[in-house]
Amino acid sequence: MALQDALSKIEEYDAIMQVPRSGLLGIGAFLAGTSAKGVAEEQLETCIETCILAQRAIEGNVDPQNINVSSALQQIFQTDAHREAFRSTLEQTREILELLLRKVRGEIVRELPPRERLMELADQLRSLSDQIKQAIPRDTYLTSLTGKAHPGFNSGWS
Amino acid sequence: MLLKHESERILDFVARERNRLLPRVRQLGHERSSSSSFVVLVESFFQSLDTLMEKELARIDAIAALQADVASEALDDLFKGLETTLSFFSAVTGNQVDVPRELYDLISWFFELSANVCAPPAYALTSGPELASFDFRRWAKVLFPRFTDLKAALEHVPFFFISIPSWMVPSSRALDWPLIFHEGAHAIENLANFVGPRFPYLPSDWPALNKLAKAGNAQAQEALSTYELTCDFMATYLSGPIFAWRFLKDHFSVSRALHPSYTHPTPELRIRVLLDVLTTQGFKHEARRAEAAINERLGHLTGPAPSPVVIESLRLVQGSYRAKLSGFTEEDYKQKLHRYSRLDTDGLKSELLSKRPVLVDPACLFTILYFDEKCEDKTIAELVADCIRLEKIRRVYQSMGLHG
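Just so you know, these numbers come straight off a predicted model, no measurement behind them.

What follows is about the overall build of chain B. Within chain B, the secondary structure is distributed over 18 helices and three strands. A compact globule built from 404 residues would reach a C-alpha radius of gyration of about 22 Å, and chain B, at 24 Å, matches this within 12%. Reported as C-alpha extents along the three principal axes, the dimensions of chain B are approximately 75 × 55 × 35 Å. Here chain B holds 404 residues, and 54% of them are scored as buried. Counting 46 positive and 51 negative side-chain charges, chain B places the centres of these two groups 3 Å from one another.

Set out below in structure tokens:
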């Protein structure tokens with residue numbers, strides 16, 4: 001169970017990290033313009049899908065499709081206030097990314113968020129990424145798989 | 001290349017580890033034929049890295065232009081995944097010296113019995129903190145989730161690591177080895193998947209069910225119970241009464257019998273299910289023996305009643321396995337003993353207690369010793385391990401048409 005539990009935690013970490021990771025890449029690719037259109041579409045879609053799963057999970061709908069996201073969220077956001085703040089972040093992220101996705105797909109989008117708003121969202125996603133790393137220490141779980149002491153510098157290169 | 005140095009460090013690390021680890025693993029393969037499938041796994045892991053690493057790194061480099069920190073994090077994750085995997089391989093290689101080859105002989109014998117439902121799984125035994133097993137395909141999926149080609153290359157062939165508590169590994173604990181059949185049964189069920197279709201609206205993998213059960217999903221808890229009871233059933237159906245005896249001895253406690261966990265049924269239920277299996281297989285006397293033991297331990301206490309869904313699912317799954325596999329019956333036991341010697345169970349037990357080997361298959365060997373406290377002696381357990389080895393050699397000779 002200890003090993004299976006560690007694998008499960010890593011799985012949960014990766015499931016929820018999809019939100020900041022694909023969100024950041026989607027924004028980066030969108031700003032890069034037509035040369036990265038394919039990447040932008042793929043990453044924006046992934047991020048929106050994960051936001052939907054996370055929204056369902058944060059509202060208490062736990063099902064096989066979002067079980068990893070749901071378990072991760074329970075560890076990261078332990079109070080109602082934190083969960084509510086996260087739900088609001090998800091909503092904003094999804095709203096903005098859906099506009100970007102429509103634009104990437106060639107649809108007419110009247111009110112595209114300005115670059116500054118995208119930068120602000122990117123910062124929010126980076127902050128979420130840090131929050132996830134603190135709540136689910138992936139490296140610690142990885143280290144426990146081999147029974148070694150945790151590397152002191154947390155650098156991954158020791 | 002923005003992250004050139006970070007990529008190069010990964011390539012250097014893999015090259016150095018290949019030079020350090022691969023010769024050790026190959027040497028192990030020369031010394032112990034039981035490790036041959038583990039050697040193949042490690043070699044194919046390095047082969048996959050040789051073929052795919054440059055491509056994976058180029059893919060990450062492409063995203064570095066869009067978000068350097070995300071790309072750098074991907075490289076960190078890749079490095080940590082590789083470091084953990086190779087470190088795990090190294091630990092398994094190192095502790096093979098502690099794992100008796102007789103234990104490999106026993107587990108391989110068990111897997112061969114299930115050949116009608118799936119090819120005998122490739123596996124390695126390793127000492128660890130607990131009795132557990134996992135498929136390396138899950139490891140690859142979890143540790144390399146973003147590296148699709150690498151993950152796909154590793155997902156082709158199932159490979160099971162069975163972790164055994166270090167106290168159970170030496171041949172002086174050979175009487176407890178049949179408890180490992182439960183983990184072997186997890187590997188078989190993982191490949192055969194008879195339980196999954198009974199719960200069509202749930203994921204069929206144990207870890208996902210575990211999480212759903214933890215979140216309070218009653219169906220997932222029923223599915224998990226069915227998995228666990230199926231593995232107990234397989235251990236008993238194929239190897240006879242020994243599993244029930246050792247389970248009672250090593251895993252039973254009144255507390256656990258009364259308070260179920262969300263993943264495992266209570267030990268009381270597990271034993272009571274096995275009593276039915278033993279009775280059906282003709283081991284009525286052995287079933288009564290185990291029943292008396294559990295009644296004595298529980299006294300007037302009783303645990304929660306089993307869910308009807310679990311009992312019905314288990315009945316159907318047992319039917320599927322029974323249709324494909326021949327179980328070990330009391331009739332088989334008598335016939336095999338008769339073919340081997342004129343002595344009956346008591347006579348052969350006396351032989352063993354007098355430190356003389358008895359060359360019957362492991363199911364018969366363990367049944368001879370069933371519920372006899374005199375067999376707890378360390379030397380007898382070591383003799384049992386020797387008998388497993390000798391019987392394996394006899395089988396090999398026989399398959400080659402050699403006698404004498």
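So, about helix 12 (residues 267-280) of chain B. Residue and element names in this part refer to chain B. Between its first and last C-alpha, helix 12 extends 20 Å over 14 residues, near the 20 Å set by a 1.5 Å rise per residue. Among the 14 residues of helix 12, ten are classified as buried, and the element is accordingly described as predominantly covered. Three or more residues of helix 12 are buried, namely Pro267, Glu268, Leu269, Arg270, Ile271, Val273, Leu274, Leu275, Val277 and Leu278. Contacts made by the buried residues of helix 12 are with helix 7 (181-192), helix 9 (218-239), helix 10 (242-251), helix 11 (254-258), helix 13 (284-298) and helix 14 (308-324). Just beyond helix 12, the residue with positive phi is Gly282, at close to 95°.

Moving on: the pairing of strand 2 (residues 132-135) of chain B. Residue and element names in this part refer to chain B. Here strand 2 shows two buried faces, one formed by Ala132 and Phe134 and the other by Ser133 and Asp135. The pairing of strand 2 with strand 3 (residues 159-165) spans four bridges and is antiparallel. The residue bridging Phe134 from the neighbouring strand is Phe161, located in strand 3.

All names here are of chain B. Residues other than glycine seldom take positive phi values, yet Asn193 does so here, at roughly 50°. Note on placement: Asn193 falls in the loop between helix 7 and helix 8 (206-214). A relative accessible area of 29% places Asn193 in the partly exposed class. Here the phi dihedral of Phe371 falls at roughly 55°; this positive angle occurs in a residue that is not glycine. With respect to the element layout, Phe371 can be found in the loop between helix 17 (362-368) and helix 18 (378-399). With a relative accessible area of 13%, Phe371 lands in the buried category.

With the rule as written, the count across this model stands at 48 salt bridges over all chains. Residue Lys211(B) pairs with Glu11(A) through a salt bridge whose shortest N-O separation is 2.9 Å. Here Glu11(A) lies in helix 1 (residues 2-32) and Lys211(B) lies in helix 8, a pairing that spans two chains. Residue classification places Glu11(A) among the buried residues on the basis of a relative accessible area of 14%. Ionic contacts of the salt-bridge type, sharing partners, join the residues Asp14(A), Arg21(A), Lys133(A), Arg138(A), Glu73(B), Asp77(B) and Arg146(B) into one network.

Contacts between chain B and chain A engage 37 residues on the former and 41 residues on the latter. Broken down residue by residue, the surface that chain B buries against chain A is led by Leu66(B), Lys80(B) and Lys211(B), which jointly contribute 19%. The interface formed by chain B and chain A includes eight salt bridges. The partner of Glu73(B) in a salt bridge is Lys133(A), with the nearest N and O atoms 2.5 Å apart. The interface formed by chain B and chain A contains 13 residue pairs in polar contact (both at pLDDT 80 or more). Among the secondary structure elements, those contributing two or more residues to the side of chain B that touches chain A are helix 1 (4-31), helix 3 (68-95), strand 2, helix 5 (136-143) and helix 8 of chain B. Among the elements that make up the side of chain B that touches chain A, the one with the highest residue count is helix 3 of chain B (eleven residues). In terms of residue class, the side of chain B that touches chain A is made up of 18 nonpolar, six polar and 13 charged.

Glancing now at the packing of aromatic side chains. What describes a pair of aromatic rings is the distance from one ring centre to the other and the angle between the planes of the rings. Residue and element names in this part refer to chain B. A full pass over the atoms with the stated rule returns 31 aromatic pairs over all chains. Look at Phe233 and Tyr237: their rings are 5.0 Å apart centre to centre, the planes differ by 20°, and that puts the pair in the stacked class. One end of the pair is Phe233 and the other is Tyr237, both in helix 9 and four residues apart, which spans about a single turn. Grouping aromatic residues by their ring pairs yields a cluster made of Phe38, Phe45, Phe46, Phe88, Phe89, Phe134, Phe136, Trp139, Phe144, Phe159 and Phe161. The ring of Trp245 has Arg246 sitting right over it, with the charged end atom 4.5 Å from the ring centre.

Glancing now at the side chain of Thr367(B). Residue and element names in this part refer to chain B. With respect to the helices, strands and loops of the structure, Thr367 is situated in helix 17. Given the relative accessible area of 3%, Thr367 is considered buried. A polar atom in the side chain of Thr367 sits 2.6 Å from the backbone oxygen of Ala363. Discounting residues that sit within four places of it in the chain, Thr367 has contacts with Ser239, Pro241, Phe283, Phe328 and Tyr333.

Turning our attention to the sheet that holds strand 2 of chain B. Residues and elements named next belong to chain B. Strand order in the open sheet made by the three strands is 1-3-2, with mixed pairing throughout. At either end of the open sheet lies a strand with only one pairing partner, and these are strand 1 (122-128) and strand 2. The average angle at which neighbouring strand axes cross in this sheet is 20°, direction not considered. In the packing of helix 5 onto the sheet, the strands contacted are strand 2 and strand 3, and the crossing angle to strand 2 comes to about 65°.

Our focus in this paragraph is the nonpolar core. Judged by nonpolar contacts, the single largest core of 181 residues is most densely connected at Ile16(A), Phe38(B), Leu78(B), Leu82(B), Phe89(B), Phe161(B) and Tyr321(B). Those residues within four positions of Phe38(B) in sequence are excluded, and the remaining contacts are Val25(B), Leu28(B), Phe89(B), Val92(B), Thr93(B), Ala124(B), Phe159(B) and Phe161(B). Grouped together as the second largest cluster of nonpolar side chains are five residues, Leu229(B), Leu269(B), Val273(B) and Leu314(B) included.

Our focus in this paragraph is the environment of Ala223(B). All names here are of chain B. Along the chain, the position of Ala223 falls in helix 9. Remark: the alpha-carbon pair of Ala223 and Leu202, spanning 21 residues in sequence, is separated by 8.4 Å. Apart from the residues lying within four places of it in its own chain, the contact partners of Ala223 are Val195, Phe199, Leu202 and Leu209.

So, how was this worked out
- Residues numbered from 1 in each chain as written.
- Chains lettered and ligands numbered in written order.
- Predicted model: local features only at pLDDT ≥ 70, side-chain atom pairs only at ≥ 80, totals over all residues.
- Heavy atoms only, no water.
- Helix = DSSP H or I, 4+ residues; strand = E, 2+ residues; numbered from the N terminus.
- Rg over C-alpha atoms; globule rule 2.2 N^0.38 Å.
- Buried < 20%, exposed > 50% of the residue type's maximum accessible area, 1.4 Å probe, protein only.
- Lys, Arg positive; Asp, Glu negative; His and termini not counted.
- Charge placed at Lys NZ, Arg CZ, Asp CG, Glu CD.
- Expected span 1.5 Å × (residues − 1).
- Contact = heavy atoms within 4.5 Å.
- Pairing = 2+ DSSP bridges.
- Salt bridge = Lys/Arg side-chain N within 4 Å of Asp/Glu carboxyl O.
- Buried area = accessible area lost by both parts, 1.4 Å probe.
- Polar contact = N/O pair within 3.5 Å; in protein donor to acceptor, adjacent residues only side chain to side chain.
- Nonpolar A, V, L, I, M, F, W, Y, C, P; charged D, E, K, R; others polar.
- Phe/Tyr/Trp six-rings, centres within 6.5 Å; stacked < 30°, edge-to-face > 60°.
- Lys NZ or Arg CZ within 6 Å of the ring centre and 35° of its normal.
- Axes fitted to C-alpha atoms, helices over the stretch in contact; angles between N-to-C directions.
- Core = buried A, V, L, I, M, F, W, Y, C linked by side-chain atoms within 4.5 Å.

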